[in-house]
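# Structure at a glance
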Amino acid sequence: MAAQRGEFRSRLGFILAAAGSAVGLGNIWGFPTQAASNGGGAFLFTYLVLAFALAYPALMAELLIGRHTHRNMSQALGALPQHAGLKRIGMLTGIGGLVTASLILSFYGIVAGWMLGFASSYPLEAIGFTQSAEWLITFSTPRNLTLTGIFMALTMSVVVGGVEDGIERWSRRLMPILIATLVVLSLYVLTLDGAMTGLSIYLRPDFSKILSGDLLIDALGSAFFSLSLGVGTMLIYGSYLSDNEHVPSVGAQVALLDVGIAVLAGFLILPAMYVADARGVAIFNAAGGLLSEDTLIFSVLPALFSTMDTIGLWLATAFFILMSIAALTSSISMLEVPVAYLIERHGLSRHRATLIAGCSIAAFSGLIALNFERLFGLVITISTRYGQPLLGIVVCLFAGWLWHRDALLAELKKNDTAADQRWFWKIWPLYVKWICPIIIGVILVRSIL
Ligand code: PHE
């Protein structure tokens, strides 16, 4: 098994790939409406504080363990402790991460398929293929199976190229397109009637709302999901990072980009909703809250686009391409988790590993699509509500308690001889040892109760 390990060619390549993993469907369809319904600017502020005070340290735990061991999650966690029993727990946790990443990908692939369907239906409709266009945006099992299959094939075709020629190359191509599209769409929408109302609702701080405990817990939960934590994606990307890079600062740039893009998405989604409102499209649910998630993406926004003639067609296509790109750069990071494990632990070639992991996950997606009512929500709950935080706790415990302080400092000193003078060294080890596990534990217990 002497297969050579991949390594990101450049810092920018790594940052775009890791930010690509982090920036996904969650940022664009979850964050903006959550912010608007929960105190606007005050939520934004809380989210920023939580992301940097709690999610960033957990991200650093994954990146540092990955970079230190240059291994997949299972072998990396198995390598940190000395004690044989703990090594076994580490390896099993890594396998738990792999299973959870695969479960997330299995439902994510279905949703991403819908994005592909909407993105292609607008141009098809414009050139007269009305029936196909309608089929692509109407919920049905054959449509879900077809589009998920296509999306999984796309994901596999990137991952099979490896770290440099697959993941890094495509992240470098797609992330700038994603950011540019988001900026152009928001600038355009901001010129329309009603947009300023949305903007002021997004940004107006209502501090009375953020004191609610549930809100803090929700914001923290979404920060963890958004930074792709717990399942080994950040760990495996960290393992492909060169020893010359300063992990605390590249990690901070990744977190900043992720949060920055979520905030930027708010400048598109909220104004767009109030533009829709000004044009008579319903944007509130029966309880008076803003429509969100799937209703927002698949009914409110299409209804808005349809009030706009030709420009609406372009906007709609651009928007759903944006969503498809956001999904793809995340899904490749999820698939890389089992693929890296199969290559490093079982000596498979990247081709075989990608084929086996990709097809098994696609088959599971198929099973979900065939039993949609029963399985879709269940898989989301198991993987994101319980799996991710639980694994996140174990990763923090490994970094905080089982990684020898001298070895950790040596890791930080690889490219920063004064690492022991930095605030990072003074604060972070205590953070991952105590604060992160306790707070994630509280979230987990609360979400179970
Ligand atoms: N961070 C991604 C998003 O916001 C989801 C994700 C979770 C990606 C876990 C990888 C691993 O959509």
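Look a little higher up for the structure.
Owing to the predicted nature of the structure, the values given are computational and were not obtained by experimental measurement. (Residues numbered from 1 in each chain as written. Predicted model: local features only at pLDDT ≥ 70, side-chain atom pairs only at ≥ 80, totals over all residues. Heavy atoms only, no water.)

## Overview of the packing of aromatic side chains
For the coordinates displayed, the defined rule picks out 26 aromatic pairs. Residues Trp-114 and Phe-372 carry aromatic rings whose centres are separated by 6.1 Å and whose planes lie at 50° to one another, so their mutual orientation is tilted. In this pair, Trp-114 is assigned in helix α5 (residues 84-126) and Phe-372 in helix α17 (residues 372-402), connecting sequence segments 258 residues apart. The exposure class assigned to Trp-114 is buried, which follows from its relative accessible area of 9%. Lying over the aromatic face of Trp-170, Arg-173 brings its terminal NZ or CZ to 4.6 Å of the ring centre. The ring of Trp-401 carries Lys-433 above its face, with NZ or CZ at 4.5 Å from the centroid. (Phe/Tyr/Trp six-rings, centres within 6.5 Å; stacked < 30°, edge-to-face > 60°. Helix = DSSP H or I, 4+ residues; strand = E, 2+ residues; numbered from the N terminus. Buried < 20%, exposed > 50% of the residue type's maximum accessible area, 1.4 Å probe, protein only. Lys NZ or Arg CZ within 6 Å of the ring centre and 35° of its normal.)

## Notes on the site of the ligand
The ligand sits among 16 residues. The nearest are Ala-22, Tyr-108, Phe-225, Ser-226 and Ser-228. The separation between a nitrogen atom of the ligand and a polar main-chain atom of Ala-22 is 3.0 Å. Within the complex, 100% of the 330 Å² of free accessible area of the ligand lies under protein. Counting only elements with at least two residues in the shell around the ligand, the list comes to α1 (11-22), α2 (25-37), α5, α11 (213-226) and α15 (309-346). In terms of residues, the shell around the ligand owes the most to one element, α2, which gives three residues. (Near = heavy atom within 4 Å. Polar contact = N/O pair within 3.5 Å; in protein donor to acceptor, adjacent residues only side chain to side chain. Areas by Shrake-Rupley, 256 points an atom, 1.4 Å probe, with all protein chains shown as cover.)

## Structural notes on the environment of Leu-154
Within the secondary structure, Leu-154 sits in helix α7 (residues 141-159). As for Leu-154 and Ile-332, which are separated by 178 residues in sequence, their C-alpha atoms are 9.0 Å apart. When near neighbours in sequence (up to four residues on either side) are disregarded, Leu-154 contacts Leu-116 and Leu-328. (Contact = heavy atoms within 4.5 Å.)

## Observations regarding α1
Owing to its 3.6 residues per turn, the α-helix brings residues three or four apart onto one side. Between the first and last C-alpha of α1 there are 16 Å, a value that for 12 residues agrees with the 16 Å anticipated at 1.5 Å per step. Taking burial as the measure, the 12 residues of α1 include 10 buried ones, the bulk of the element. Considered for burial, the residues of α1 that qualify are Gly-13, Phe-14, Ile-15, Leu-16, Ala-17, Ala-18, Ala-19, Gly-20, Ser-21 and Ala-22. (Expected span 1.5 Å × (residues − 1).)

## Description of a nonpolar patch on the surface
There is a patch of nonpolar side chains on the surface, built from Leu-397, Trp-401, Leu-430, Trp-434, Ile-435, Ile-438, Ile-439 and Val-442 and spanning about 720 Å² of accessible area. When residues of the nonpolar patch are traced back to their parent elements, those giving at least two are α17 and α19 (423-448). At six residues, the largest contribution of residues to the nonpolar patch is made by α19. (Patch = residues over 30% accessible without salt bridge, like charges linked within 9 Å, V, L, I, M, F, W, Y side chains within 5 Å. Salt bridge = Lys/Arg side-chain N within 4 Å of Asp/Glu carboxyl O.)

## Quick word on the pattern of salt bridges
Counted according to the given criterion, the structure contains 11 salt bridges. Measuring nitrogen to oxygen at the nearest pair gives 2.8 Å for the salt bridge that ties Arg-9 to Asp-165. Residue Arg-9 is found in the segment before α1, and its partner Asp-165 is found in helix α8 (residues 162-190); the two are separated by 156 residues along the sequence. Between Asp-243 and Arg-67 there is a salt bridge, with the nearest N and O atoms lying 3.5 Å from each other. Here Asp-243, found in the loop between α12 (233-239) and α13 (247-278), pairs with Arg-67, found in helix α3 (residues 41-69); they are 176 residues apart in sequence, far enough to count as distant. Under the relative-accessibility criterion, Asp-243 is labelled partly exposed at 31%.

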